[in-house]
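# An overview of the molecular structure
Residue strings, one per chain:
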Amino acid sequence: MTVHNLYIFDRNGNCLFYNEWNRKKQAGISKDEEFKLMYGMLFSIRSFVSKMSPLDMKEGFLSFQTSKYRLHYYETPSGLKFVLNTDLSVSNARDTLQHIYSNLYVEHIVKNPVCVLGHGLDSELFSSRLDAFIRALPYYSPRAA
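Residues numbered from 1 in each chain as written. Predicted model: local features only at pLDDT ≥ 70, side-chain atom pairs only at ≥ 80, totals over all residues. Heavy atoms only, no water.

This paragraph deals with the overall build of the protein. Helix and strand counts for the protein stand at three helices and five strands. From first element to last, N terminus to C terminus, the protein shows the α and β order β-β-α-β-β-β-α-α. Its C-alpha radius of gyration of 15 Å places the protein within 12% of the 15 Å reference for a compact globule of 145 residues. Of all 145 residues assigned to the protein, the portion counted as buried reaches 41%. Considering only contacts in the protein between residues 6 or more positions apart, those separated by 24 or more positions represent 51%. Counting every atom, the protein has about 8,400 Å² of accessible surface; 54% of that belongs to carbon and sulfur. Across the protein, the mean location of the 17 positive side-chain charges is 5 Å away from that of the 14 negative side-chain charges. (Helix = DSSP H or I, 4+ residues; strand = E, 2+ residues; numbered from the N terminus. Rg over C-alpha atoms; globule rule 2.2 N^0.38 Å. Buried < 20%, exposed > 50% of the residue type's maximum accessible area, 1.4 Å probe, protein only. Contact = heavy atoms within 4.5 Å. Areas by Shrake-Rupley, 256 points an atom, 1.4 Å probe, with all protein chains shown as cover. Lys, Arg positive; Asp, Glu negative; His and termini not counted. Charge placed at Lys NZ, Arg CZ, Asp CG, Glu CD.)

What follows is the structure in structure tokens.
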């Protein structure tokens, strides 16, 4: 079991934060291109799910999986998008993403007068607390994948 990486996007598709933990394979493109591809894929999947779902999608798109990893998705009311990639053994990381938003992002970014919202997250405190939180998760393993 492991966590591969985390993206935080603003409502306009700008990647505010990115971190890797156990990512074994790189995309072979620049990080900016990777961020654009990830956001574009999320935009398309959300649109597809909302149009094709036979039921009312109150929570919308939550996750999807490939044969190698699972992508977990959480969108805040303000339009921030949190994306966590894990291995397939992690079935639901919604509570984890909500915790990252409400207990780490809000506490260390939103309530920090030095941090400018809508720009890259340059808070060392946020980064270190997030890293400690991810490493403490029951499904985090540095040797996995």
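Right, picking up where we left off after that structure.
Time to look at helix H3 (residues 124-136). The end-to-end C-alpha separation of H3 is 18 Å, in line with the 18 Å expected for 13 residues at 1.5 Å each. Within H3, the full set of buried residues consists of Phe 126, Leu 130 and Ile 134. Viewed along the axis of H3, the buried residues span an arc of 60°, placing them on a single side of the element. In H3, the exposed positions angled more than 90 degrees off the buried face are occupied by Glu 124 and Ala 136. Buried residues in H3 make contact with strand E1 (3-9), strand E2 (15-20), strand E5 (81-86) and helix H2 (94-110). (Expected span 1.5 Å × (residues − 1). Arc of directions from axis to C-beta.)

As a further point, take the side chain of Glu 34. Along the chain, Glu 34 turns up in helix H1 (residues 31-52). There is a polar contact of 2.4 Å between the side chain of Glu 34 and the side chain of Tyr 7. In contact with Glu 34, not counting residues within four places along its chain, are Tyr 7, Tyr 18, Arg 23, Ala 27 and Ile 29. (Polar contact = N/O pair within 3.5 Å; in protein donor to acceptor, adjacent residues only side chain to side chain.)

Judged by nonpolar contacts, the single largest core of 27 residues is most densely connected at Leu 6, Phe 82, Tyr 105, Phe 126, Leu 130 and Ile 134. Elements with a contribution of two residues or more to this core: E1, E2, E5, H2 and H3. Sequence-distant contacts of Phe 82, that is, excluding residues within four places in its chain, are made with Tyr 7, Ile 8, His 72, Tyr 73, Tyr 74, Thr 76, Leu 97, Ile 100, Tyr 101 and Tyr 105. (Core = buried A, V, L, I, M, F, W, Y, C linked by side-chain atoms within 4.5 Å.)

Between its first and last C-alpha, H2 extends only 21 Å over 17 residues, short of the 24 Å set by a 1.5 Å rise per residue. Its axis deflected by about 35° at Leu 104, H2 carries its strongest bend there. Inspection of H2 places Arg 94, Thr 96, Leu 97, Ile 100, Tyr 101, Leu 104, Tyr 105, Val 106, His 108 and Ile 109 among the buried residues, and these make up the whole buried set. Structurally, H2 contributes buried residues whose contacts are with E1, E2, strand E4 (70-75), E5 and H3. (Bend = angle between axes of the 7 residues up to and from the residue.)

With that settled, consider the sheet that holds E2. Ordered by their spatial adjacency, five strands build an open sheet running E2-E1-E5-E4-E3, and the pairing between neighbours is antiparallel. Each edge of the open sheet is held by one strand with a lone partner, namely E2 and strand E3 (63-65). Averaged over all pairs of adjacent strands, the angle between their axes in this sheet comes to 10°, without regard to strand direction. Judged from the five bridges that link them, E1 and E2 form a sheet pairing that is antiparallel. (Pairing = 2+ DSSP bridges. Axes fitted to C-alpha atoms, helices over the stretch in contact; angles between N-to-C directions.)

Honestly, it's all geometry; don't read function into it.
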